[in-house]
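Below, each chain spelled out in residue letters.
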Amino acid sequence: MTTQQPAPLAQIGVVGMAVMGSNLARNFARHGYRVALYNRTAAKTDEVVAAHGDDGEFVPAHELAAFVASLERPRRVVIMVKAGGPTDAVIDELVPLLEDGDIVVDGGNSHFPDTIRREAALREKGLHFVGAGISGGEEGALNGPSIMPGGPAESYAALGPMLEEISAHVDGVPCCTHVGPDGAGHFVKMVHNGIEYADMQLIGEAYDLMRHALGAAPAELAQVFATWNQGDLDSFLIEITAEVLAQTDAATGKALVDVIVDQAGQKGTGRWTVQAALDLGVPVTGIAEATFARAVSSSVPQREAAKDLPGHAGTWEVADADAFVEDVRKALYASKVVAYSQGFDQIAAASAEHGWDIDRGAMARIWRGGCIIRAKFLDRITEAYERTPDLPLLIADAYFAEAVADGVAAWRRVVSAAALNGVPAPAFASSLAYYDALRADRLPAALIQAQRDFFGAHTYQRTDKPGTYHTLWSGDRSETQA
Ligand code: ATR
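First, a word on scope: everything that follows refers to the structure included in this document. (Residues numbered from 1 in each chain as written. Predicted model: local features only at pLDDT ≥ 70, side-chain atom pairs only at ≥ 80, totals over all residues. Heavy atoms only, no water.)

**Some points on the overall build of the chain**
Right, on to step 1. Helices and strands together make up the secondary structure of the chain, namely 20 helices and 11 strands.
Right, on to step 2. Taking the principal axes of the C-alpha coordinates as reference, the chain spans close to 100 × 70 × 45 Å.
Right, on to step 3. Buried residues in the chain amount to 48% of all 482 residues.
Right, on to step 4. Sequence separation of 24 or more characterises 66% of the internal contacts of the chain that already satisfy a separation of 6 or more.
Right, on to step 5. Carbon and sulfur atoms provide 53% of the accessible area of the chain, an area that totals close to 22600 Å².
Right, on to step 6. In the chain, 39 side chains carry a positive charge and 62 a negative one; their mean positions are 2 Å apart. (Helix = DSSP H or I, 4+ residues; strand = E, 2+ residues; numbered from the N terminus. Buried < 20%, exposed > 50% of the residue type's maximum accessible area, 1.4 Å probe, protein only. Contact = heavy atoms within 4.5 Å. Areas by Shrake-Rupley, 256 points an atom, 1.4 Å probe, with all protein chains shown as cover. Lys, Arg positive; Asp, Glu negative; His and termini not counted. Charge placed at Lys NZ, Arg CZ, Asp CG, Glu CD.)

**Quick notes on the packing of aromatic side chains**
Right, on to step 1. What the rule picks out here adds up to 15 aromatic pairs.
Right, on to step 2. Aromatic side chains phenylalanine 225 and tryptophan 228 sit 5.0 Å apart centroid to centroid with 70° between the ring planes, which places their arrangement in the edge-to-face category. A residue pair is termed a helical-turn pair when its members lie 3 or 4 positions apart in one helix, as phenylalanine 225 and tryptophan 228 do in helix H9 (residues 218-228) at 3 residues.
Right, on to step 3. Here phenylalanine 225 falls in the buried class, since its relative accessible area comes to 0%.
Right, on to step 4. With a centroid separation of 5.1 Å and an interplanar angle of 85°, the aromatic rings of tyrosine 399 and phenylalanine 400 are classed as edge-to-face.
Right, on to step 5. Judged by relative accessible area, which is 31%, tyrosine 399 ranks as partly exposed.
Right, on to step 6. Relative accessible area serves as the criterion here: at 0%, phenylalanine 400 is assigned to the buried category.
Right, on to step 7. Among the aromatic residues, those joined into a ring-pair cluster are Tyr333, Tyr340, Phe377, Tyr399 and Phe400.
Right, on to step 8. Above the face of the tyrosine 197 ring, arginine 294 is positioned so that its terminal group lies 3.6 Å from the ring centre.
Right, on to step 9. If you follow arginine 380 out to its NZ or CZ, it ends over the ring of tyrosine 399, 5.8 Å from the centre. (Phe/Tyr/Trp six-rings, centres within 6.5 Å; stacked < 30°, edge-to-face > 60°. Lys NZ or Arg CZ within 6 Å of the ring centre and 35° of its normal.)

**Details of the side chain of arginine 329**
Right, on to step 1. Residue placement: arginine 329 occurs in helix H15 (residues 321-354).
Right, on to step 2. In contact with arginine 329, not counting residues within four places along its chain, are Trp228, Asp232 and Leu233.

**Considerations on the sheet that holds strand E6 (residues 128-135)**
Hydrogen bonds between backbone atoms are what pair the strands of a sheet, whose relative direction is either parallel or antiparallel.
Right, on to step 1. Reading across the sheet, the 7 strands line up as E3-E2-E1-E4-E5-E6-E7 and stay open at both edges, with mixed pairing between neighbours. Pairing within the sheet leaves two strands with one partner each, and these edge strands are strand E3 (58-60) and strand E7 (146-149). Put simply, the sheet's adjacent strands are angled 25° from each other on average, direction ignored.
Right, on to step 2. Relative to strand E4 (residues 76-79), strand E1 (residues 12-15) runs parallel, the two sharing 3 bridges. (Pairing = 2+ DSSP bridges. Axes fitted to C-alpha atoms, helices over the stretch in contact; angles between N-to-C directions.)

**What about the pattern of salt bridges?**
Right, on to step 1. Summed over all chains, the structure comprises 29 salt bridges.
Right, on to step 2. Linked by salt bridges that have partners in common, Asp88, Asp106, Asp114, Arg117 and Arg118 make up one network. (Salt bridge = Lys/Arg side-chain N within 4 Å of Asp/Glu carboxyl O.)

**Section: the site of the ligand**
Right, on to step 1. Every residue lining the ligand is accounted for by Gly16, Met17, Ala18, Val19, Asn39, Arg40, Thr41, Lys44, Val81, Lys82, Pro86 and Val90.
Right, on to step 2. Residue threonine 41 places a side-chain N or O atom 2.5 Å away from an oxygen atom belonging to the ligand.
Right, on to step 3. Starting from 640 Å² of accessible surface for the ligand in isolation, the protein chains cover 69%. (Near = heavy atom within 4 Å. Polar contact = N/O pair within 3.5 Å; in protein donor to acceptor, adjacent residues only side chain to side chain.)

**A closer look at the environment of histidine 169**
Right, on to step 1. Locating histidine 169 in the fold gives a position in strand E8 (residues 169-170).
Right, on to step 2. What makes histidine 169 partly exposed here is its relative accessible area of 42%.
Right, on to step 3. Along the sequence, histidine 169 and leucine 37 sit 132 residues apart, while their C-alpha atoms lie 25 Å from each other.
Right, on to step 4. Look past the residues within four positions of histidine 169 in its chain and what remains in contact with it is Glu164, Pro174 and Cys175.

**Description of empty space enclosed by the protein**
Right, on to step 1. Within this structure, the stated rule accounts for 1 cavity of 30 Å³ or more.
Right, on to step 2. In this structure, the largest cavity encloses a volume near 30 Å³.
Right, on to step 3. Taken together, Leu24, Val78, Val105, Ala132, Ile134, Ile147 and Leu163 make up the lining of the largest cavity.
Right, on to step 4. When grouped by side-chain class, the residues that make up the lining of the largest cavity number 7 nonpolar, no polar and no charged. (1 Å grid on protein atoms, 1.4 Å probe; cavity = no way out; pocket = protein on both sides within 12 Å on 5 of 7 lines; lining within 4 Å. Points joined across faces, edges and corners; volume = space filled by probe spheres on them. Nonpolar A, V, L, I, M, F, W, Y, C, P; charged D, E, K, R; others polar.)

**Regarding unusual backbone geometry**
Right, on to step 1. A cis amide bond links arginine 73 to the next residue, proline 74, at an omega of -10°.
Right, on to step 2. Counting through the fold element by element, proline 74 comes out in the loop between helix H3 (64-69) and E4.
Right, on to step 3. With a phi close to 50°, alanine 457 is a non-glycine residue in the positive phi region.
Right, on to step 4. Looking at where alanine 457 falls in the secondary structure, it is placed in the loop between helix H20 (445-456) and strand E10 (469-471).
Right, on to step 5. Looking at alanine 457, the relative accessible area reads 45%, which means it is partly exposed.

**Structural notes on helix H13 (residues 285-297)**
Right, on to step 1. Spanning 13 residues, H13 covers 18 Å between terminal C-alpha atoms, matching the ideal 18 Å at 1.5 Å per step.
Right, on to step 2. For H13, the set of buried residues is Gly286, Ile287, Ala288, Ala290, Thr291, Ala293, Arg294 and Ser297.
Right, on to step 3. Those residues of H13 hidden inside the fold are in contact with helix H8 (184-214), helix H12 (269-280), helix H14 (300-306), H15 and helix H19 (426-439). (Expected span 1.5 Å × (residues − 1).)

**With respect to the environment of glutamate 205**
Right, on to step 1. Structurally, glutamate 205 can be placed in helix H8.
Right, on to step 2. Put simply, glutamate 205 and valine 328 are 123 residues apart on the chain and 9.4 Å apart in space, counted from C-alpha to C-alpha.
Right, on to step 3. Residues in contact with glutamate 205, not counting those within four places in the same chain, are Pro424, Ala425, Pro426, Ala427 and Phe428.
Right, on to step 4. Only 2.9 Å separates the side chain of glutamate 205 from the backbone nitrogen of phenylalanine 428, close enough to count as a polar contact.

**Focus: the packing of H9 against helix H10 (residues 236-246)**
Right, on to step 1. At a minimum axis separation of 8 Å, H9 and H10 run at an interaxial angle of 160°. It follows from the interaxial angle that H9 and H10 lie roughly antiparallel. Crossing of H9 over H10 shows left-handed handedness. Contacts from Pro218, Ala219, Leu221, Ala222, Phe225, Ala226 and Trp228 in H9 reach Ile238, Thr241, Ala242, Leu245 and Ala246 in H10.
Right, on to step 2. Taken together, the residues that form the contact of H9 with H10 break down as 11 nonpolar, 1 polar and no charged. (Parallel < 35°, antiparallel > 145°, perpendicular 65-115°, else oblique. Left-handed = near helix turned anticlockwise from the far one by under 90°.)

If you want it as structure tokens, here you go:
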């Protein structure tokens, strides 16, 4: 008599077989995990197994109940469907099938307040909910993304090692760590994307300034970016910029960048970052300028209406092209440090507000590989937060203070030349203004306080003694203590 062996259980399951979900499932399988697969439309699940069955062991299911039954306990289910309603729909269907201690991971680009809500709801039911930011696009999902998991620390014990294994590694260190409770992971992923907006805008401005100032062709500028990629600016975004600028359009023979419509799209994570920053009162001016710059580019009727407005700008003549390129490089680096500094301030503020206790140095470390903003200088950020874990301002860290100081004269030359020559450089200019505002001995905020007191009796504080004061503006203008 032969005993029927039960099929071995899967160690992890993925719901959602679109590109990100199937690539993540394949990544797990390639690391030797038995992976359960489910998609609302069963044909897609079958397609993944047919096309990529060689990657490892897959346990496909056509029913969600069968999928859940094929998982070992505690079950680990990674949801990779569209953010918003579809994610809630999948969770609602999944939850009744799960048992105490099972772990539900949302690997989509969910808005962090949704993650906080879902985590609380699942905790009530004895389930663990992990909102995990996953960056790196399709390529990253398959070959090693940067993973930012939030949720309860206990679930990280059962889940973290698997996520770390499939994440990107830099110097043998995984680009994945437990970020903090409930929405912390998706919050950090959101800010990552906001920083990505700023980084891309700054690179765009650097390119545009050099193009106007030097009359250089995209292919020549590709060389400049390729050279920059050998130094402090070494990063994925600089690298792909060089490649994009070198690309010729097959149909017209022109530079590809010149035949692409100049209206930047967005999926909304930059907007979320700025909205959250406004709520927290954190000035993320670089990210905001970048987000608005995309909106300006897409303001078609306004751009059309502005076409003939006068610029009164000079003709840009650069005496020393190499010196100008070096100025732009320094301005780019300094502005980039500001954008990251602001993003890390936002993470610190949210961490304090929500009690997330986020280690900012660890965030810089897990962004070194797999994700879009991966860059050499993230090591310097990690070191800065290791030196001073409660560092109040990244640009005040000794290393960055020196780097920015080295570039500040160049930064001023570039921003003023941009203004004089009528070329928009909003992210360069506002980063410099932010830097100067922080450095300023006195800000015109004193005048604003007086104005507020004048029209609204909002009161003010004095520099020379404690207390709250109000001037009787519509009376005899004497000062009273509030
Ligand atoms: P992509 O843009 O790469 O296709 P996506 O749109 O973010 O990816 O995600 C699509 C995935 O979400 C698909 O797996 C889709 O399932 P179907 O193949 O059945 O369309 C899944 N999805 C979308 N809405 C869903 C819902 N309400 N319930 C379950 N799965 C859903």
